[in-house]
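Chain residues, written in single-letter form:
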Amino acid sequence: MMLKTGTPSVEATHSNPLIEIEPRLGGHPQRGTAIIESSGIEAHCFVFTALGYINALEFLTEAGFVGKRHLFIIPSTEISAQQIRRLAKSHDWTRVHLVWPGDRPGVLAKSISSLRLLKISLWFRLALSRMTPDDHVVVSHLDNPYSRLISQHRIKQFAPVVVVDDGLSTLLCHKEMAKWGELPLGRVKPSMRARLERALLSRSAVPARAVRFFSMFSLEPCDGVASIGKNRLVTLRQMIRSQQTTEHVYFIGQPWLRAGRSDEREYYSAVERIREHYRQQGLEFIYIPHRNENRAEVAKRFRTLETELPLELFLLEASCLPQVLAGFFSTCLLTGFYVFGSKMRYEFFWGFPGALSPESWDPCGVTDFVMRETSGAKFVSINRTLGGST
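Residues numbered from 1 in each chain as written. Predicted model: local features only at pLDDT ≥ 70, side-chain atom pairs only at ≥ 80, totals over all residues. Heavy atoms only, no water.

Side note on helix α7 (residues 169-180)
Look at α7: 16 Å from first C-alpha to last across 12 residues, which is about the 16 Å you get at 1.5 Å a residue. Among the residues of α7, S169, T170, L171, C173, H174 and M177 are the ones counted as buried. Following α7 by one or two positions, G181 adopts a phi angle in the positive range, close to 80°. (Helix = DSSP H or I, 4+ residues; strand = E, 2+ residues; numbered from the N terminus. Expected span 1.5 Å × (residues − 1). Buried < 20%, exposed > 50% of the residue type's maximum accessible area, 1.4 Å probe, protein only.)

Concerning the pairing of strand β11 (residues 284-288)
Summarising burial for β11: four of the five residues are buried, a large majority. Bridging between strand β10 (residues 244-252) and β11 involves five bridges; their strand directions are parallel. Looking across to β11, one finds that Y250 is bridged to I286. (Pairing = 2+ DSSP bridges.)

What about the environment of P310?
Within the secondary structure layout, P310 lies in the loop between α11 (295-299) and α12 (311-317). Sequence spacing of P310 and C332 is 22 residues, and the spatial spacing of their C-alpha atoms is 9.0 Å. Ignoring any residue separated from it by four or fewer positions in sequence, one finds P310 in contact with A50, I54, Q83 and L87. (Contact = heavy atoms within 4.5 Å.)

Focus on the sheet that holds strand β8 (residues 211-215)
Within the open sheet, the seven strands sit side by side as β3-β2-β1-β4-β5-β8-β9. Their pairing is parallel. The outermost strands of the open sheet, each flanked by one partner alone, are β3 (95-98) and β9 (227-230). Across this sheet, the average inter-strand angle for adjacent strands is 20°, counted without regard to direction. Here strand β1 (residues 42-47) runs beside strand β2 (residues 68-73); their pairing, made up of six bridges, is parallel. Looking at the pairing, F46 lines up with F72 of β2. Sheet contacts for helix α6 (residues 145-156): β1, β4 (136-139) and β5 (161-164); angle to β4, the most-contacted strand, approximately 155°. Against the sheet, α7 makes contact with β5, β8 and β9, and its axis sits at roughly 140° relative to β8, the strand it touches most. (Axes fitted to C-alpha atoms, helices over the stretch in contact; angles between N-to-C directions.)

In structure tokens form, the structure reads like this:
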């Protein structure tokens, strides 16, 4: 599978507010030629998921960047690492660095991995020291110790970091910055690796002035943020072709069992009721496991679809599309809407686990944003619409 990138025309670039090259914080945006000549300027992309990788490429394509490109892969799971490495083989990266191979199951494996963090943190700082203020530095997830350290380094260079989407975290980071003028230091996960990463890499907030958002979401202007550019997903949309729809619903799973957000009975009971909801509509229910789910356990209960590709790319390559793309709350529902539009129906299931409204389930307001953003999307209450109790 080839995810091709190209160079936009000068006209297209100048009509896009993103291409206001702003290499220095506090400087004035410069409108120059659409293509950024190499002239020593390099791009450094730090990605955590396959979606983040795709959006980093979208940024480089929109910017018309043709210089040296360095990719740093920092995945949370082996599956994410495999997906990114597979995609990276199709593109001309100057160097690809696998900073972290992804967590492996088992206490011993995680303990050994944690011991590598000291060496990784030293190497990471050395890599940052080689970047110049004029280089383009892109991260796909801002709220983690690696990105916080990168942001601190860029502040010292009086240069911004470009933040692209790798999930709904962009909305949460933007909301925090709009409220506080910075991304505060949140609670650390209770794992050994998470605690060591914070201790060895960064324990600082990220000022809004250090950030340039390049997002597919319609973000409101935010005081202090260097700039906000719109990711139009040009590269993905160029891959769209004529596809028929089938009598299927693809339901995107969530890793809430492993995260301790729900117990097994509660989660699978809700999914089974959703499957019955679609069976009554004459649609076959196909479950797509999240990368952090126990796939073997899910396969015992539902018909599953597994792919080595990110779901968005899988759908672009598939001969047919499902009638419905559904889930509790997955970013794939949003990217699917942005890329495919009315070719599918998009249905979000809320009221799980145990909440009676989107507001009580989603105090950060993401639900309200999605309801405005996805015209025609349907929100279904598990308790009120499907009946019964979770």
